[in-house]
Amino acid sequence: MGDRQQPMRAIAADVMLAVENGQSLSQCLPPALNRLPPNERPELQALCYGTCRWFHRLDSELNGRLKKPLRKPDRIIHHLMLVALFQLRFSQQATYAVLNETVEACRALDKPHLTGLVNGVLRAAERGGAPESADDSARFSHPEWMLEKLRHNWPEDWQHILQANNAQAPMTLRVNARRFSRDEYLGLLADAGIEAAATRFAPYGIQLASPVPVDRLPWFADGAVSVQDEAAQLCTTMMDLAPGQRVLDACAAPGGKTCAILEACGELAEVVAIDESADRLPRVQENLDRLDLNATLKQADAAATDQWWDGQAFDRILLDVPCSASGVIRRHPDIKLLRRESDITPLAAIQLGLLDAMWAILKPGGRLVYATCSVFPQENHRIIQRFCKQQTDAILVEPEAQWGRNMGAGRQLLPDPDSHDGFFYAVLEKPEP
Ligand SMILES: C[S@@+](CC[C@H](N)C(=O)[O-])C[C@H]1O[C@@H](n2cnc3c(N)ncnc32)[C@H](O)[C@@H]1O
């Protein structure tokens, strides 16, 4: 074996420092998890997710407790204290264990000169209890710019959105309609002792009462179900799929919606799945393989149609664009640290560019579904309004839906702490000549 294993809190502090430096949890957490034995990994994951989720509140408290910020080379100890504060405020861990193990982690990180500070700050935090939050950014634990944008965009709903973003997301499944009916699969889950209920809006969705490892799900490896949020599942209900159609999934990886499309309609002529990321595209193939489905995969910038398109127009296009992911913060709390306000305008330009390019390869009489997992109108109905101003022949179709709200140019779902993520969908049709 190599070096002695580092304490879990030291590894968590390392992960938090990497996130502060711009890496996503999905990039930096897997190698960190591999540094621990399997039985300790769930706890490390919970520490990192929880510290990101409550970062802005914990950071405000910690800054208030420090006489002056730590020097840059000691920044990791700031994160170590955030992890400990997360445990003091949000976990059942005994205080003495948090204190002792954090001091031990400080030593393991080769910062013995800071053990006194760490001990003093955490003891004061324990004695003083959680402070009254100084401002809304700390109270709701979101970056100031995001909070302001939500308050401005959703004057009635912003607090509800912030609270939903801080909740733990449920685990939701999509039953593979080719294998089982939803009721049949609910029966299999009950037999396996897994409590679950049908989703309200998505026809093949099942929400579990609490998350379980996928290998406990009956017939998972054989393609009976996939893990997919209810909001993401709704895309197939809007595509009006029918046998013989040629379908494009323009931003496909990791393939959740590609697979949902293929499951929803058995005799499509072809499904082409494109993604520009060479790292992410193989995930589409893995998902197709597990579900025993077929699609044509291409690694390309979907907007550069001259580089990949064979000249045959598509009957249906799903455009699930790259976006701020502000509707799925509860699943990816690192977004609070990673996303910048200045990201939104360039993203909107990419989204409109992709929409223009996809429109050109949609068949007359065809349908395009535009989707984001964002709650910012700038990426959602305003993109559709801008597009419809330019493309005056585009027909905006109002989907028949029991969910979300009609934004005049598409439908918005806000995240619901008890069920689906935040999502936006717009349906556009191209008239026959
Ligand atoms: C929201 S995710 C797609 C999620 C996917 N539809 C699913 O349901 O599993 C957006 C994807 O778009 C890809 N992407 C970003 N810009 C692209 C472009 N210009 N052309 C093709 N793919 C792009 C990203 O690599 C990312 O995988």
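Attention in this report is confined to the structure presented alongside it. (Residues numbered from 1 in each chain as written. Predicted model: local features only at pLDDT ≥ 70, side-chain atom pairs only at ≥ 80, totals over all residues. Heavy atoms only, no water.)

### A look at the pattern of salt bridges
Logical step 1: Tallying each qualifying case throughout the model produces 24 salt bridges.
Logical step 2: For Glu 61, the salt bridge goes to Arg 89, with nearest N and O atoms at 2.7 Å. Of this pair, Glu 61 sits in helix 4 (residues 55-65) while Arg 89 sits in helix 5 (residues 75-90); the two residues are 28 residues apart in sequence, bridging distant segments of the chain.
Logical step 3: Looking at Glu 61, the relative accessible area reads 7%, which means it is buried.
Logical step 4: The closest approach of N and O atoms between Arg 246 and Glu 270, which form a salt bridge, is 3.0 Å. Taken together, the residues Arg 246 in strand 5 (residues 246-249) and Glu 270 in strand 6 (residues 270-275) connect sequence positions 24 residues apart.
Logical step 5: With relative accessibility at 8%, the residue Arg 246 sits in the buried group.
Logical step 6: We classify Glu 270 as partly exposed; its relative accessible area is 25%.
Logical step 7: A single network of salt bridges, built from pairs that share partners, joins Asp 136, Arg 139, Glu 148 and Arg 151. (Salt bridge = Lys/Arg side-chain N within 4 Å of Asp/Glu carboxyl O. Helix = DSSP H or I, 4+ residues; strand = E, 2+ residues; numbered from the N terminus. Buried < 20%, exposed > 50% of the residue type's maximum accessible area, 1.4 Å probe, protein only.)

### A closer look at the pairing of strand 5
Logical step 1: Burial of the side chains of strand 5 extends over both faces: Arg 246 and Leu 248 are buried on one face and Val 247 and Asp 249 on the other.
Logical step 2: Crossover strand 5 to strand 6 through helix 14 (residues 256-264) is right-handed. (Right-handed = clockwise from strand over helix to strand, strands pointing away.)

### Here we look at the packing of aromatic side chains
For any pair of aromatic rings, the description consists of the separation of the ring centres together with the inter-plane angle of the planes.
Logical step 1: In the structure shown here, the tally under the stated rule is ten aromatic pairs.
Logical step 2: Taken together, a centroid distance of 6.1 Å and an interplanar angle of 50° make the contact between Trp 145 and Phe 376 tilted. A residue pair is termed long-range when its members are at least 10 positions apart, and Trp 145 in helix 9 (residues 144-153) and Phe 376 in the loop between strand 9 (362-372) and helix 18 (381-390) qualify at 231 residues. One exposure class covers both Trp 145 and Phe 376, and it is buried.
Logical step 3: Between Trp 308 and Phe 314, the ring centres sit 6.4 Å apart and the planes meet at 40°, which makes this aromatic pair tilted. Phe 314 shares its class with Trp 308; the two are buried.
Logical step 4: Counting every residue linked through ring pairs, the aromatic cluster contains Trp 54, Phe 86 and Phe 90.
Logical step 5: A cation over an aromatic ring shows up here: Lys 149 above the ring of Phe 376, its NZ or CZ 5.4 Å from the ring centre.
Logical step 6: Sitting over the ring of Trp 403, Arg 411 keeps its end group 5.7 Å from the ring centre. (Phe/Tyr/Trp six-rings, centres within 6.5 Å; stacked < 30°, edge-to-face > 60°. Lys NZ or Arg CZ within 6 Å of the ring centre and 35° of its normal.)

### Quick look at the site of the ligand
Logical step 1: Surveying the vicinity of the ligand reveals 19 residues, the closest of which are Asp 275, Arg 280, Asp 301, Ala 302 and Asp 320.
Logical step 2: At 3.2 Å from an oxygen atom of the ligand is found a main-chain nitrogen or oxygen belonging to Ala 253.
Logical step 3: One of the backbone nitrogen or oxygen atoms of Pro 254 is found 3.5 Å away from an oxygen atom of the ligand.
Logical step 4: Protein coverage of the free-state accessible area of the ligand, which is 610 Å², stands at 86%.
Logical step 5: Across the shell around the ligand, the residue classes tally to ten nonpolar, three polar and six charged. (Near = heavy atom within 4 Å. Polar contact = N/O pair within 3.5 Å; in protein donor to acceptor, adjacent residues only side chain to side chain. Areas by Shrake-Rupley, 256 points an atom, 1.4 Å probe, with all protein chains shown as cover. Nonpolar A, V, L, I, M, F, W, Y, C, P; charged D, E, K, R; others polar.)

### Re the packing of helix 4 against helix 7 (residues 115-128)
Logical step 1: Contact pair helix 4 / helix 7: the axes reach a minimum separation of 10 Å and the direction vectors enclose 110°. Looking at the two axes, helix 4 sits roughly perpendicular to helix 7. For helix 4 against helix 7, the interelement crossing comes out right-handed. Mapping the contact onto sequence places Glu 61, Leu 62 and Arg 65 in helix 4 and Val 121, Ala 124, Ala 125 and Gly 128 in helix 7.
Logical step 2: Among the residues making up the contact of helix 4 with helix 7, the classes are represented as four nonpolar, one polar and two charged. (Axes fitted to C-alpha atoms, helices over the stretch in contact; angles between N-to-C directions. Parallel < 35°, antiparallel > 145°, perpendicular 65-115°, else oblique. Left-handed = near helix turned anticlockwise from the far one by under 90°. Contact = heavy atoms within 4.5 Å.)

### Some remarks on the environment of Lys 72
Logical step 1: Topologically, Lys 72 is positioned in the loop between helix 4 and helix 5.
Logical step 2: Separated by 192 residues in sequence, Lys 72 and Ala 264 have C-alpha atoms that sit 53 Å apart.

### Some points on the sheet that holds strand 4 (residues 225-227)
Logical step 1: Taking strand neighbours across the sheet as the criterion, the four strands line up as 2-3-1-4 in an open arrangement whose pairing is antiparallel. Each having just a single partner strand, strand 2 (196-198) and strand 4 make up the two edges of the open sheet. Averaged over neighbouring strand pairs, the angle between their axes works out to 30° when direction is ignored.
Logical step 2: The sheet contact formed by strand 1 (residues 172-175) and strand 4 spans three bridges and is antiparallel. Pairing of Leu 173 across the sheet is with Val 227, part of strand 4.
Logical step 3: Contacting strand 1, strand 2, strand 3 (205-208) and strand 4, helix 11 (residues 182-191) runs over the sheet at an angle of about 20° to strand 3.
Logical step 4: Running over the sheet, helix 14 touches strand 1 and strand 4 and is turned about 35° from strand 1. (Pairing = 2+ DSSP bridges.)

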